[in-house]
Amino acid sequence: MNNYDVIVIGAGSVGVPVALSLAEMGVKSLVLDKNASPGQGENKKAIGGIRATHSDPGKILTCLLSLEVFSTWQERHGDNIEWLKGGYVFPVYRENEEKALKGILPIQRKYGLNIDFVSPEKIQEVVPGINMEGLRGGTFSPDDGSASPLRAVNAFYRRAKELGADFRFKEEVEKIVVREGKVQGVKARGGTYDAPVVVDAAGPFSKTVCETAGVHIPVTPDSHEAAITEPVKSFFTAMVVDLRPGPDSKNYYFYQNSLGQIVFCITPEPLIVGDDRRETSVFLTQVGARMVRLLPRLKNLRVRRMWRGLYPMTPDGSPLVGWNTQVQGLLHATGMCGQGFMLGPGVGQVVARMITGKTTEQDKIILQGFDPYRKFGGQEALK
Ligand SMILES: Cc1cc2nc3c(=O)[nH]c(=O)nc-3n(C[C@H](O)[C@H](O)[C@H](O)COP(=O)(O)OP(=O)(O)OC[C@H]3O[C@@H](n4cnc5c(N)ncnc54)[C@H](O)[C@@H]3O)c2cc1C
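Description of the structure in this document.

Cut-offs applied
Residues numbered from 1 in each chain as written. Predicted model: local features only at pLDDT ≥ 70, side-chain atom pairs only at ≥ 80, totals over all residues. Heavy atoms only, no water. Helix = DSSP H or I, 4+ residues; strand = E, 2+ residues; numbered from the N terminus. Rg over C-alpha atoms; globule rule 2.2 N^0.38 Å. Buried < 20%, exposed > 50% of the residue type's maximum accessible area, 1.4 Å probe, protein only. Contact = heavy atoms within 4.5 Å. Areas by Shrake-Rupley, 256 points an atom, 1.4 Å probe, with all protein chains shown as cover. Lys, Arg positive; Asp, Glu negative; His and termini not counted. Charge placed at Lys NZ, Arg CZ, Asp CG, Glu CD. Pairing = 2+ DSSP bridges. Phe/Tyr/Trp six-rings, centres within 6.5 Å; stacked < 30°, edge-to-face > 60°. Lys NZ or Arg CZ within 6 Å of the ring centre and 35° of its normal. 1 Å grid on protein atoms, 1.4 Å probe; cavity = no way out; pocket = protein on both sides within 12 Å on 5 of 7 lines; lining within 4 Å. Points joined across faces, edges and corners; volume = space filled by probe spheres on them. Nonpolar A, V, L, I, M, F, W, Y, C, P; charged D, E, K, R; others polar. Near = heavy atom within 4 Å. Polar contact = N/O pair within 3.5 Å; in protein donor to acceptor, adjacent residues only side chain to side chain. Axes fitted to C-alpha atoms, helices over the stretch in contact; angles between N-to-C directions. Core = buried A, V, L, I, M, F, W, Y, C linked by side-chain atoms within 4.5 Å.

## Some points on the overall build of the protein chain
- Within the protein chain, the regular secondary structure consists of 9 helices and 20 strands.
- In terms of overall dimensions, the protein chain is globule-like: its C-alpha atoms have a radius of gyration of 20 Å, near the 21 Å expected for 383 residues.
- Structurally, the protein chain occupies a C-alpha span of about 65 × 40 × 40 Å along its principal axes.
- Put simply, the protein chain has 383 residues, and 57% of those count as buried.
- When contacts within the protein chain are restricted to residue pairs at least 6 apart in sequence, those whose partners lie at least 24 apart make up 73%.
- Put simply, the protein chain shows about 15900 Å² of open surface, and 50% of that area lies on carbon and sulfur atoms.
- The average position of the 46 basic charges and that of the 41 acidic charges among the side chains of the protein chain differ by 2 Å.

Quick look at the structure:
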């Protein structure tokens, strides 16, 4: 009863699409999660941004795969996941951001991203009311978008189950069982499950889970806050990313979702390492002032709710996807940093092809960039 081809640890942004892609390829998997239902870890903390606008080829290619899934889901399967093709805008007010964004355009285009550096007037057309003072233009990638993380993960979950994947909730994995250098399965609270392949999709808790197999994986959680406003009539749809730093913070980003609510987030500087999920009194004033300066039309909006979640961070801001070389059968699909929701479906497909031995030339490029054993020297420009 407890024998599977694959066990996936974690029913989150990555684990659920992994199970879905495996099921589509006829592979029987079991997904275990300590929470009561899918997406209750960091998945539901994401604000829903989905972009292939990255500087790393692996991330661009993976997110293009994901965009195909998100953008066609309702048409193919009927569930409304609140997909909105609003694009991503990076408005530019300073020379250094202009140089940096223009510098990565060739690589973005080489790997298939539809993106341009556009005029201030075009930026104003996409984000009506944006502060024009000093605006030099910016990048616009119209095929990016957004969706609801909880609706999406639940849609993927239902489809994976229909195709034969098993899920067990409230089932915390206590140990990855290894014998003579090979994975045997996992020991969880409720029992032991056997499989020759175990996928580590435990997000910010990958490090702790993998340590039970004697494996060190460089994933460290750090905390990020977000909030959502009341709904108002739609007046822009793009995700707006302001790269300029501010007091105790780096970039911030926001968009208006398909229900008319503005959803927003900021990157603290320095990063707040750890797993504290309590909201702070600093966040709203910090991000609010910056947002209203950029887009004064936001000033009368009332905030409905705020929350704080964790990024599963890696030393260079890129994911860790690959076979463990120390423990045979252990596959890492983790370290998604601030982009696990958008990377999930693409990573799911690549992982399923790795397990079935069907990787493509494109997968090789992705896996090179996401190699868990790479040298962590650089930093992804748009991490
Ligand atoms: C404020 C904020 C905004 C964000 N915005 C975006 C965004 O716009 N776009 C985007 O792409 N990303 C965004 N992210 C990042 C995104 O949420 C994460 O990168 C993503 O959810 C990570 O996916 P994951 O599957 O690795 O982890 P999770 O979704 O957390 O899944 C891991 C699962 O593993 C389970 N688990 C862990 N340990 C065990 C165990 N021992 N036994 C059983 N189960 C276990 C957990 O319960 C969890 O369900 C945001 C994050 C935050 C905090």
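## Observations concerning the pairing of strand 13 (residues 220-231)
- With 10 of 12 residues buried, strand 13 is to be regarded as a mostly interior element.
- Sheet topology note: the strand 13/strand 16 (residues 261-268) ladder contains 4 bridges and is antiparallel. Counted as the bridge partner of alanine 226 is cysteine 265 from strand 16.

## A short note on the packing of aromatic side chains
- The tally for this structure, following the rule as stated, stands at 10 aromatic pairs.
- Judged by centre distance (6.3 Å) and plane angle (10°), the rings of tyrosine 252 and phenylalanine 254 are stacked. In this pair, the class of tyrosine 252 matches that of phenylalanine 254, namely buried.
- Each residue in the set Phe70, Trp73, Phe156 and Phe341 is aromatic and connected to the rest through ring pairs, giving one cluster.
- Between the NZ or CZ atom of lysine 34 and the centre of the ring of phenylalanine 205, over which it lies, the distance is 4.0 Å.
- The aromatic ring of phenylalanine 117 is capped on one face by lysine 102, whose charged end is 4.5 Å from the ring centroid.

## A short note on the pairing of strand 9 (residues 173-179)
- Bridge count for strand 9 against strand 10 (residues 182-188) is 6 bridges, and the pairing is antiparallel. If you follow valine 177 over to strand 10, its bridge partner there is glycine 185.

## A short note on the layout of surface pockets
- In this structure, the second largest pocket encloses a volume near 350 Å³.
- Along its surface, the second largest pocket is lined by 18 residues, and Ser148, Pro149, Ile228, Asn257 and Arg305 are the ones closest to its centre.
- Residues belonging to the lining of the second largest pocket are distributed by class as follows: 10 nonpolar, 5 polar and 3 charged.

## Comments concerning the site of the ligand
- Close to the ligand lie 38 residues; Ser13, Asp33, Glu42, Cys337 and Met342 are nearest.
- Between the ligand and isoleucine 47 there is a distance of 3.1 Å, counted from a nitrogen atom to a backbone nitrogen or oxygen.
- A distance of 2.7 Å is found between an oxygen atom of the ligand and a backbone nitrogen or oxygen belonging to methionine 342.
- Protein chains shield 98% of the accessible area of the ligand, which is 990 Å² for the free molecule.
- At the level of secondary structure, the elements contributing two or more residues to the shell around the ligand comprise strand 13, strand 18 (303-313) and helix 8 (340-355).
- For the shell around the ligand, the leading source of residues is strand 18, giving 4 residues.
- Partitioned by chemical class, the residues of the shell around the ligand number 18 nonpolar, 14 polar and 6 charged.

## Here we look at the environment of valine 153
- Of note, valine 153 is situated in helix 5 (residues 149-162).
- Since its relative accessible area comes to 2%, valine 153 is described here as buried.
- Between the C-alpha atom of valine 153 and that of alanine 100, which follows or precedes it by 53 residues, the distance is 34 Å.
- Aside from chain neighbours lying at most four places away, what touches valine 153 is Gly12, Val16, Pro38, Gly39 and Asn43.

## Thoughts on the sheet that holds strand 11 (residues 191-194)
- Strand order in the open sheet formed by 3 strands is 9-10-11, and the pairing between neighbours is antiparallel. A single partner strand is all that each edge strand has here, and the edge strands are strand 9 and strand 11. When the angles between neighbouring strand axes are averaged without regard to direction, this sheet yields 25°.

## Here we look at the nonpolar core
- Formed by 74 residues in total, the largest nonpolar core has its most connected members in Ile47, Phe167 and Val199.
- Apart from residues lying up to four places away in sequence, valine 199 is in contact with Val6, Ile7, Val8, Ile9, Leu331, Ala333, Val351 and Ile355.
- Within the second largest apolar cluster, 26 residues are counted, among which are Ile123, Ala227, Phe235 and Phe236.

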